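# Examining the three-dimensional arrangement
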Amino acid sequence: MAENFKEWLEELKGRINIVDVVEGYVTLNRKGGKYWACCPFHHEKTPSFSVDESGVFYCFGCHKGGDVISFVQDIEHTDFMGAVSILAAKAGMSVPEFSHKGDGAAVSKRKRDRLYALMREAAAYYHACLMSEAGRQALAYLDGRGISRSTVKSFGLGFAPQNGLIEHLREKGFGKDEMLDCGVAGESRGGRLYDVLGGRLIVPIINNLRQVIAFGGRVMEKGEQPKYRNTKETVIFDKSRELFGQHTIKKAMIEGAVDSVIMVEGYMDVISLFQAGIKNCMASMGTALTVQQARLLKRYADKVYISYDGDAAGQKATMRGLDILYGEGLSVKVVSVPGGKDPDEYVREFGKRGYMDLLTQAKPLFEYKLDKLAEGYDLSVAEDRGKYAVEAVKVLYELKNPAQVEVYMDYISQKADIAKPVLVKQYAQGGEAAAKPIPKLELTRKRGKYYNAMRYVLYALFGGAEEACEQDISQYMTDEEHKAIYLEYERIRCTREPVLDDLQALADKYPEVEEIFREGKRVTEEQAPQLFRDCMQSLEKEKNRREMAELTKRIDGEKDPVARDLLLAHYAEIAAKNKK
Ligand SMILES: [Zn+2]
């Protein structure tokens, strides 16, 4: 038994082979010392996804890469701990509980496992009720909304009879405290337990590891209040960190053809769109989007459509959500559903085709913002046009990319019919903008120590130096052009030994190749081996530094004390390596 997490993780890593793990998801072909496949993370026809037996993977198309843990994180859309537990299960190891001295808030893993088991049992019970005599009315209600039996199954929908759950859970050996801790039961003044969602249609909230963590309950009679009720937040359910629809979107992504996420407001929107064949939807659970949810969303796609309800509350929620998503680096478009309808109503009336048309008309974030702003002005009046331009230019201060400032200057200029130089002046003068001049497009590329080190390593590779050919140097690359050059070179090397003509062809395509040769030639034969080792060492250090920065971010955001400890141990491991 390992004494601490670090040792345990070593043991786990020793027992699993990245090639076996990846083979569980894609078919690999061995070529040129590596394994290749079409990338499971982006759509492609020729394989650019490579796996190296040394323990790393890298995609030359979308530049995803990392070790076996990050592979599982990416493909299962889970965090570090989630990936570790999946791999541990594969290796036949159980994730141990390491002690948390002085951490009173730590909830033992055993307790959480009990709560997960209770929720799974409750979900099965509710589902069975829906399918039995007790659920006749609820099933008729779903039929009335056009929800098919297969959709009912995909989401594990259920029905809660008034109080059957409590008795059922008791029979299964769950205690009063566990029922209260899970949020499925409430306690009356007389000390009697009752099902908090009794009489409602049940929507299980399932996390990315397919565990039931909460329930949503919807009334079926018109006028009954509240329309929706969720089980409370518990040690296994933190509303601000979860999204509804993760298990269905994950399945859709493994089946392929998902490159974006559609964010909607409610469960019924996700379910109706799914039923119509639009399976890449998720919903936040009755709250404005949080930063944690935006980060979770980013694990699924970089592109997001925000498709909230047409009512005023929806509009406000849209605005807040947009800024959070943009802040996390997602590409955001806003879908407008005509006639104040919600996506659920719209897709039921106009079908998949109708809704997909709305997606193609979705506006990029800043276009939406500028149009929204314009609604408050009468742009046929000169004075209003001026006022609008002043406010519109302020919106542009939020843009991170200077090229986009350019684009939207044009947009405002056309919309308000005001000459662009006037707007540029306004931009430079306006309030806070005085301190914030138009950012200059960075034309010169960042060239530093690591960039030059990679140049030399590529030079050694092209020269056929053994130590360069044996390495998987792709894991150290950060520069896009270097990655592209390496991919092409490796593609050749898969089939035959590259010749001078190949390098000439590469140089014709990428001016950087010529630079690599120009600089590399300065190195004498005696200097070469030591220089190569130095370069590799500094690249390794830089890679570790990037990983540590990434881990620091994750540690800051991790609330679960066990997961946090594991991350810290992982961090310490890399930090120790970097000291050498
Ligand atoms: Zn890829």
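All values derive from a computational prediction rather than experimental measurement. (Residues numbered from 1 in each chain as written. Predicted model: local features only at pLDDT ≥ 70, side-chain atom pairs only at ≥ 80, totals over all residues. Heavy atoms only, no water.)

What follows deals with the coordination of the zinc ion. For the zinc ion, the protein coordination sphere consists of Cys-39 (SG), His-42 (ND1), Cys-59 (SG) and Cys-62 (SG), at 2.0 to 2.3 Å. One can describe the site at the zinc ion as tetrahedral: its four donor atoms subtend angles covering 104 to 117 degrees at the metal. Mapped onto the sequence, the residues coordinating the zinc ion show the spacing C-x2-H-x16-C-x2-C. A residue pair is termed long-range when its members are at least 10 positions apart, and Cys-39 in the loop between β2 (34-37) and β3 (49-52) and Cys-62 in the loop between β4 (56-59) and β5 (65-67) qualify at 23 residues. A relative accessible area of 29% means that Cys-62 is categorised as partly exposed. (Donors = N, O, S within 2.8 Å, 3.2 Å for Na, K, Ca; no water. Tetrahedral: all angles 85-135°; square planar, octahedral: opposite > 155°, others 65-115°. Helix = DSSP H or I, 4+ residues; strand = E, 2+ residues; numbered from the N terminus. Buried < 20%, exposed > 50% of the residue type's maximum accessible area, 1.4 Å probe, protein only.)

According to the stated counting rule, one finds 26 aromatic pairs in the structure shown. Each ring, one from Tyr-456 and one from Tyr-459, has its centre 5.9 Å from the other, and the planes form 35 degrees; the classification is tilted. Placement of the pair is Tyr-456 and Tyr-459 together in helix α19 (residues 449-462), with a separation of three residues, close to one helical turn. In this structure Tyr-456 comes out as buried when scored by relative accessible area, which is 10%. (Phe/Tyr/Trp six-rings, centres within 6.5 Å; stacked < 30°, edge-to-face > 60°.)

Let us now look at helix α4 (residues 80-91). Between the first and last C-alpha of α4 there are 16 Å, a value that for 12 residues agrees with the 16 Å anticipated at 1.5 Å per step. Burial of α4 is extensive: nine of the 12 residues sit out of reach of the surface. Looking at α4, one finds that the buried residues are Phe-80, Met-81, Gly-82, Ala-83, Val-84, Ile-86, Leu-87, Ala-88 and Ala-91. Buried residues along α4 sit against α1 (5-15), α2 (18-23), α3 (68-76), α24 (528-557) and α25 (561-579). A positive backbone phi angle near 70 degrees is found at Gly-92, which sits one or two residues after α4. (Expected span 1.5 Å × (residues − 1). Contact = heavy atoms within 4.5 Å.)

A word on the nonpolar core. It is characteristic of soluble globular proteins that their nonpolar side chains tend to be buried jointly. The biggest cluster of nonpolar side chains holds 66 residues, and the ones touching the most others in it are Val-184, Phe-215, Phe-244 and Tyr-355. Inspection of this core shows a minimum of three residues originating in each of domain 2 (109-235) and domain 3 (246-361). (Core = buried A, V, L, I, M, F, W, Y, C linked by side-chain atoms within 4.5 Å. Domains from an automatic or database assignment.)

What follows covers the domain arrangement of the protein. How big an interface is tends to be stated in terms of accessible area lost as the parts join. Looking at the protein, the domain boundaries give domain 1 (5-91), domain 2 (109-235), domain 3 (246-361), domain 4 (378-435) and domain 5 (449-579). Distance from the C-alpha centre of domain 2 to the C-alpha centre of domain 4: 52 Å.

Bringing the sheet that holds strand β6 (residues 158-159) into the picture now. Spatially, four strands are ordered β6-β9-β10-β11 in an open sheet, and the strand pairing comes out antiparallel. Lying at the two open borders of the sheet, with one neighbouring strand each, are β6 and β11 (228-230). Pairing geometry for β6 and strand β9 (residues 201-206), over two bridges, is antiparallel. In the strand pairing of β9, Gly-158 is matched with Ile-202. (Pairing = 2+ DSSP bridges.)

As a further point, take the state of the cysteines. One way to say it: the disulfide is the covalent bond shared by the sulfur atoms of two cysteines. Applying the stated criterion across every chain yields a total of zero disulfides. Distance from the sulfur of Cys-38, which forms no disulfide, to the nearest cysteine sulfur (Cys-39) is 8.7 Å. (Disulfide = S-S within 2.5 Å.)

Glancing now at the sheet that holds strand β12 (residues 260-264). The five strands are arranged β13-β12-β14-β15-β16 in an open sheet whose pairing can be described as mixed. The sheet is open, and its two edges are formed by β13 (281-283) and β16 (363-364), each paired on a single side. Here four bridges tie strand β14 (residues 303-306) to strand β15 (residues 331-334), and the two strands are oriented parallel to one another. Across the sheet, Tyr-305 pairs through a bridge with Lys-333, a residue of β15.

Quick look at the pairing of β2 now. Covered by surrounding structure in β2 are Lys-34 and Trp-36 together with Tyr-35 and Ala-37, the residues of both alternating faces. For strand β1 (residues 29-31) and β2, the ladder comprises three bridges, and the chain directions are antiparallel. Pairing of Lys-31 across the sheet is with Lys-34, part of β2. Between the antiparallel neighbours β1 and β2 lie two residues, among them Gly-32 with a positive phi of about 55 degrees. The sheet contact formed by β2 and β3 spans three bridges and is antiparallel. Bridged to Trp-36 within β3 is Ser-50.

Side-chain alternation along β3 places Phe-49 and Val-51 on one buried face and Ser-50 and Asp-52 on a second face that is also buried. Relative to β4, β3 runs antiparallel, the two being bridged by four bridges. Following the sheet pairing, Asp-52 is matched in β4 by Val-56. Connecting the antiparallel pair β3 and β4 is a turn made up of three residues, with Gly-55 showing a positive phi of about 120 degrees.

Here we take up unusual backbone geometry. Generally, phi is negative for residues other than glycine and the peptide bonds are trans, each holding for most cases. If you check the backbone angles, His-63 has positive phi at about 65 degrees while not being a glycine. Checked against the element boundaries, His-63 lands in the loop between β4 and β5. Positive phi outside glycine occurs at His-77, with the angle close to 50 degrees. Secondary-structure assignment places His-77 in the loop between α3 and α4. The exposure class assigned to His-77 is buried, which follows from its relative accessible area of 7%.

Moving on, we come to the pattern of salt bridges. Oppositely charged side chains may form a pair once their charged atoms are brought near each other. Evaluation of the coordinates by the stated rule reveals 35 salt bridges. Taking the shortest distance from any N to any O, the salt bridge between Lys-509 and Glu-488 comes out at 2.4 Å. Of this pair, Lys-509 sits in helix α22 (residues 500-509) while Glu-488 sits in helix α21 (residues 480-495), placing them 21 residues apart in sequence. Three or more residues are tied together by salt bridges with common partners; here these are Glu-76, Arg-210 and Lys-250. (Salt bridge = Lys/Arg side-chain N within 4 Å of Asp/Glu carboxyl O.)

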